[in-house]
Amino acid sequence: MRLIEAERRRADEHKALLDTLADLSSELELTRVLQAVIERAVTQLGVSGGEVAIWDDERHELVVLASRGVGKDSTGTRLKLDEGAMGAVARTLEPLIIPSYGEWLGRSEKYSDITVHSVMAAPLLIGRRLVGAIATVHSDPERVFNEEDLRLLNMFAPQAAIAIENARLYTEAQRQREYFESLVLNSPVAIVSLGLEHEIVSCNPAFERLFGYSSEEAVGRPLDDLISTADTRSEAEAYTREGLAHAVRGMGRRRRKDGAFVDVEFLGVPVAVDGERLGLMALYHDITELLQARREAEAANSAKSQFLANMSHELRTPLNAIIGYSEMLQEEVEDLGQTALVPDLGKIHTAGRHLLALINDVLDLSKIEAGKMELYIEEFDVPSMVEEVATTARPLIEKNANRLEVHCPADLGGMRGDLTKVRQMLLNLLSNASKFTSDGRIDLEVERERNGGDEALVFRVRDTGIGMTPEQQDRVFEAFSQAEASTSRKFGGTGLGLAISKRFCEMMGGGIALESEPGKGSTFTIRLPTVAVGASESHTIA
């Protein structure tokens with residue numbers, strides 16, 4: 001009889017366990033699952049109450065999310081490892097019976113205001129991974145949990161752990177889905193998802209606003225039929241095919257429902273799950289206003305460059321007359337013996353030459369920006385050109401008590417480039433060096449550099465002048481930019497020389513670099529190919 005009773009009891013327990021598993025599996029909302037777990041545990045074990053906590057891996061704590069009949073609503077209580085009964089089993093991963101909770105030394109202060117007698121707790125595990133913990137309590141002093149109670153709890157706990165984990169994963173998936181759905185629905189960027197046949201599967205409100213089609217009108221139709229024209233169809237279909245294989249981006253013009261056109265920047269990314277390609281997601285950003293603003297800016301810049309070019313030409317004519325007449329007057333007054341007028345005429349002549357140089361810089365820059373600057377390519381001997389530049393620059397350098405040292409091998413050979421522009425760049429660098437250096441030394445070094453099959457000529461202008469801070473170096477090659485206001489007031493200039501030199505270098509396929517330190521001078525380095533890149537495209541002097 002005892003054997004039959006034991007078998008019947010076990011059969012009832014298994015049936016109750018299966019019923020519990022069926023009930024818990026039918027619910028996926030986490031809060032409801034947790035409440036169902038504790039309700040089932042209280043009913044099956046015949047106890048006064050209990051509570052369920054889940055493991056917060058980020059904070060390394062248990063948090064109680066469901067409770068019943070423990071003397072207070074403990075929902076929201078957080079327990080550290082080893083804190084209270086559930087904290088203890090969370091650390092050991094072993095179940096625990098506490099015959100008299102009031103006398104137990106591990107009792108948590110958070111439960112000091114409740115009266116329970118016997119407590120039984122167990123970890124909720126999947127494998128050896130902690131999902132949470134469950135505790136059951138009884139307020140009857142006559143009822144003490146025993147090994148049979150613990151066996152029942154241990155049968156119940158794994159099923160509860162699986163149900164809780166499933167609910168938590170489902171809840172997290174739901175939260176992520178709602179999050180991304182919210183992003184798509186509220187995104188100002190038009191988003192559309194396509195199937196493998198390029199048909200529209202879904203689109204967001206921004207897509208409807210941009211192209212004028214409702215979701216009902218768009219879904220199921222081929223995207224490229226909807227928003228492209230005969231002229232753009234092949235291009236659009238090519239982008240769609242590429243987007244099914246890999247990420248693709250571009251710009252183009254697409255058609256709205258009302259027939260109007262919109263300029264868009266688009267991005268297409270393939271959608272795949274477990275390696276299976278499902279379709280494509282495309283994003284469209286309206287850049288009509290941006291392109292219009294760019295066109296207007298380019299037109300304004302072109303107009304500015306044209307204006308500067310025209311004004312520079314208009315100013316150069318009278319300036320050349322002023323310079324010429326000042327030279328003639330200097331000669332005449334010297335012949336007449338009126339030497340007192342010579343210094344003033346010299347100042348007029350010098351000021352005119354200076355102003356003409358500034359206007360020439362503005363004209364050069366405006367030509368470059370307007371795309372009208374040409375290279376005049378010719379073969380020339382580099383050492384001869386360097387000697388000529390040094391001769392021209394030496395009086396200006398010595399004016400500030402500086403010394404010029406030239407290091408250029410006599411057998412350096414020649415190059416094929418724009419002689420005038422190379423000379424202009426070197427004179428500009430030497431002029432700047434002399435302007436910002438006093439009682440110092442300026443070096444002009446030239447060498448031929450070989451890198452594999454490529455050859456370049458390297459020109460370095462090094463000075464011992466005032467140098468520049470990193471902030472000043474960042475903007476030194478910008479047009480109309482100088483180191484700082486105080487420098488501009490003290491040394492003058494328009495800040496165009498280095499900007500023009502940089503453009504000239506780039507036109508010939510080279511570059512210019514700067515190394516500087518405040519108080520220790522600066523080194524400008526120009527690298528130019530021995531055969532200018534623009535040689536085959538520009539006016540060439542035989």
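This one's a predicted model, so the numbers in the text were calculated from it and none came from an experiment.

A. Spotlight on unusual backbone geometry. Phi at His60 takes a positive value of approximately 60 degrees, unusual for a residue other than glycine. Tracing the backbone through its elements, the reader meets His60 in the loop between β1 (49–56) and β2 (61–68). The class for His60 is partly exposed, based on a relative accessible area of 46%. A positive phi is found at Asp439, a non-glycine position, where the angle reads about 50 degrees.

B. Summary view of helix α12 (residues 419–435). When the terminal C-alpha atoms of α12 are compared, their 24 Å separation across 17 residues agrees well with the 24 Å that a helix rising 1.5 Å per residue should span. Across the 17 residues of α12, 12 count as buried, placing the element largely inside the fold. Residues Leu419, Lys421, Val422, Arg423, Met425, Leu426, Asn428, Leu429, Leu430, Asn432, Ala433 and Ser434 constitute the buried set of α12.

C. Quick peek at a nonpolar patch on the surface. Together, Val271, Val273, Leu278 and Met281 give the surface a local cluster of nonpolar side chains, amounting to about 280 Å² of exposed area. When residues of the nonpolar patch are traced back to their parent elements, those giving at least two are β10 (261–273) and β11 (276–286). If you trace the backbone, Met281 turns up in strand β11. Here Met281 falls in the partly exposed class, since its relative accessible area comes to 30%.

D. Representation of the side chain of Lys421 within the structure. Along the polypeptide, Lys421 turns up in helix α12. Assessed through its relative accessible area of 6%, Lys421 is described here as buried. The residues touching Lys421, leaving out its near neighbours within four places in the chain, are Met373, Glu374, Leu375, Tyr376, Phe504 and Met508.

E. Representation of the pairing of strand β5 (residues 118–126) in the model. Buried residues dominate β5, accounting for eight of its nine residues. Pairing between strand β4 (residues 96–98) and β5: three bridges, direction antiparallel. Residue Ile98 lies in a different strand from β5, and its bridge partner there is Val119. Two elements, β5 and strand β6 (residues 129–138), share nine bridges in a ladder whose sense is antiparallel.

Calculation rules
Each chain has its residues counted from 1, following the order in which its sequence is written. Given that this is a predicted model, residues contribute local features only at a pLDDT of at least 70 and side-chain atom pairs are listed and counted only at 80 or more, while totals for whole chains, interfaces and linings are drawn from all residues. The basis for the side-chain values is all heavy atoms of the structure; hydrogens and waters are excluded. Strands here are runs of E lasting at least two residues and helices are runs of H or I lasting at least four, both read from the DSSP assignment and numbered beginning at the N terminus. Any residue under 20% of the maximum accessible area for its type is buried, any over 50% is exposed, and the rest in between are partly exposed; the area is computed with a 1.4 Å probe on protein chains only. One less than the number of residues in a helix, times 1.5 Å, gives the span that helix is expected to have. Patch rule: a residue counts if its relative accessible area is over 30% and it has no salt bridge; like charges are joined within 9 Å, and nonpolar side chains (Val, Leu, Ile, Met, Phe, Trp, Tyr) within 5 Å. Surface accessibility in these figures is a Shrake-Rupley result with a 1.4 Å probe; residues are shielded only by whichever protein chains are displayed. For this document, the term salt bridge refers to a Lys or Arg side-chain nitrogen within 4 Å of an Asp or Glu carboxyl oxygen. Two residues qualify as a contact provided that any one of their heavy atoms is within 4.5 Å of a heavy atom in the partner residue. Whether two strands pair depends on DSSP finding at least two bridges between them.

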